[in-house]
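This is what each chain is made of:
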Amino acid sequence: MGDPLGSTGEPDMSEPSDAFDALEARIGHRFADRTLLARALTHTSAVGNAAASYQRLEFLGDRVLALTVAGMVYRAFPQADEGELARRLNALVKRETCAEVARELQLGEAVRLGSGEAQSGGRAKSAILGDIAEALIAAIHLDAGFEVASAFVERHWRERMMTARGPLRDAKTTLQEWLQGRGLAAPTYRQVSRTGPDHDPLFTIAADLVGEEGAHGTGRSKREAEQNAATRVLVREGLWKDSDV
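Residues numbered from 1 in each chain as written. Predicted model: local features only at pLDDT ≥ 70, side-chain atom pairs only at ≥ 80, totals over all residues. Heavy atoms only, no water.

Draft legend 1. Representation of the overall build of the protein chain. Across its full length, the protein chain holds 11 helices and three strands. Written out in order from the N terminus, the α and β elements of the protein chain read α-α-α-α-α-α-α-α-α-α-β-β-β-α. Counting only residues that meet the buried cut, the protein chain has 44% of its 245 residues in that class. The long-range fraction of contacts in the protein chain, counting pairs at least 24 apart against all pairs at least 6 apart in sequence, stands at 54%. Roughly 12300 Å² of accessible area belongs to the protein chain as shown, and the carbon and sulfur atoms make up 49% of that amount. (Helix = DSSP H or I, 4+ residues; strand = E, 2+ residues; numbered from the N terminus. Buried < 20%, exposed > 50% of the residue type's maximum accessible area, 1.4 Å probe, protein only. Contact = heavy atoms within 4.5 Å. Areas by Shrake-Rupley, 256 points an atom, 1.4 Å probe, with all protein chains shown as cover.)

Draft legend 2. Representation of the packing of aromatic side chains. Under the counting rule described, the total for this entry stands at one aromatic pair. A ring pair is formed by Phe-152 and Trp-157, whose centres lie 6.5 Å apart and whose planes are at 65°; its orientation type is edge-to-face. Just as Phe-152 is buried, Trp-157 falls in that class too. Lying across the ring of Tyr-189, Lys-172 places its NZ or CZ 4.8 Å from the centre. (Phe/Tyr/Trp six-rings, centres within 6.5 Å; stacked < 30°, edge-to-face > 60°. Lys NZ or Arg CZ within 6 Å of the ring centre and 35° of its normal.)

Draft legend 3. Structural detail: the side chain of His-29. Inspection of the secondary structure assignment puts His-29 in the loop between α1 (17–27) and α2 (34–40). Within polar-contact distance, the side chain of His-29 engages the side chain of Asp-143 at 2.8 Å. Non-local contacts of His-29, meaning those with residues more than four positions away in its chain, are made with Glu-24, Ile-140, Asp-143, Ala-144 and Val-148. (Polar contact = N/O pair within 3.5 Å; in protein donor to acceptor, adjacent residues only side chain to side chain.)

Draft legend 4. Structural context of the pairing of strand β2 (residues 202–208). Most of β2 sits out of view: five of its seven residues are buried. Counting the residues that bridge the hairpin from strand β1 (residues 188–195) to β2 gives six residues, and of these Gly-196 lies at a positive phi of roughly 90°. Strand direction decides the pairing type here: β2 and strand β3 (residues 215–219), joined by five bridges, are antiparallel. By the bridge assignment, Ile-205 is partnered in β3 with Gly-217. If you look at the hairpin formed by β2 and β3, you'll find six residues sitting between the two strands, and Gly-211 has a positive phi there, around 85°. (Pairing = 2+ DSSP bridges.)

Draft legend 5. Examining the side chain of Glu-226 more closely. By secondary structure assignment, the location of Glu-226 is in helix α11 (residues 222–236). Residue classification places Glu-226 among the buried residues on the basis of a relative accessible area of 17%. A polar contact of 2.7 Å, which involves the side chain of Glu-226, links it to the side chain of Lys-172. Discounting residues that sit within four places of it in the chain, Glu-226 has contacts with Lys-172, Tyr-189 and Ile-205.

Set out below in structure tokens:
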């Protein structure tokens, strides 16, 4: 798509219109204000100014996505209790799911990155792609309203909602209940390491168990790493299957 923003950090609308046309066709929305689309595709590393990047849009898009998905799961699963609804919601709005949608729409090809981020494979990073997907939702919301943005989410998240696999129970909760059922103490979690840049960290967390072997998990957030560590214990003990997680 080229460089959607000029050197000032403002959207550069001299970009050939067919580049925007192709992207809008994949998105399924034609923007009245294409500067919103350009900003949604701009990483901080490209402009050196968070205010000129997608960060503010990401904040708004996260909320639009969560509200839309919450309504979707509420209507689709009338017998589900609050806990199940929350787990379904969390699975659908997590970074990995958003990144999947971004990949399907080929948003990585259009993201504007600084040279260092681009050379390090930023266009394929789940952290960046997930943020871009949320920023795009916000851009659609600001351009055309909540109903249009919500319809975009419905198109790209509904099938995922209806075909969700894996346990709907939280891994940390499941592990704690299993241990308690055996008369053992709840697990404790400790950070083993943190690597990577501040905007894209990778955490390694240890799940320490009393009377059982623990496990390590990695993730882009401490919570994700803790969940992955707990999941590894559950899979190892045969409580969950590899194919379910």
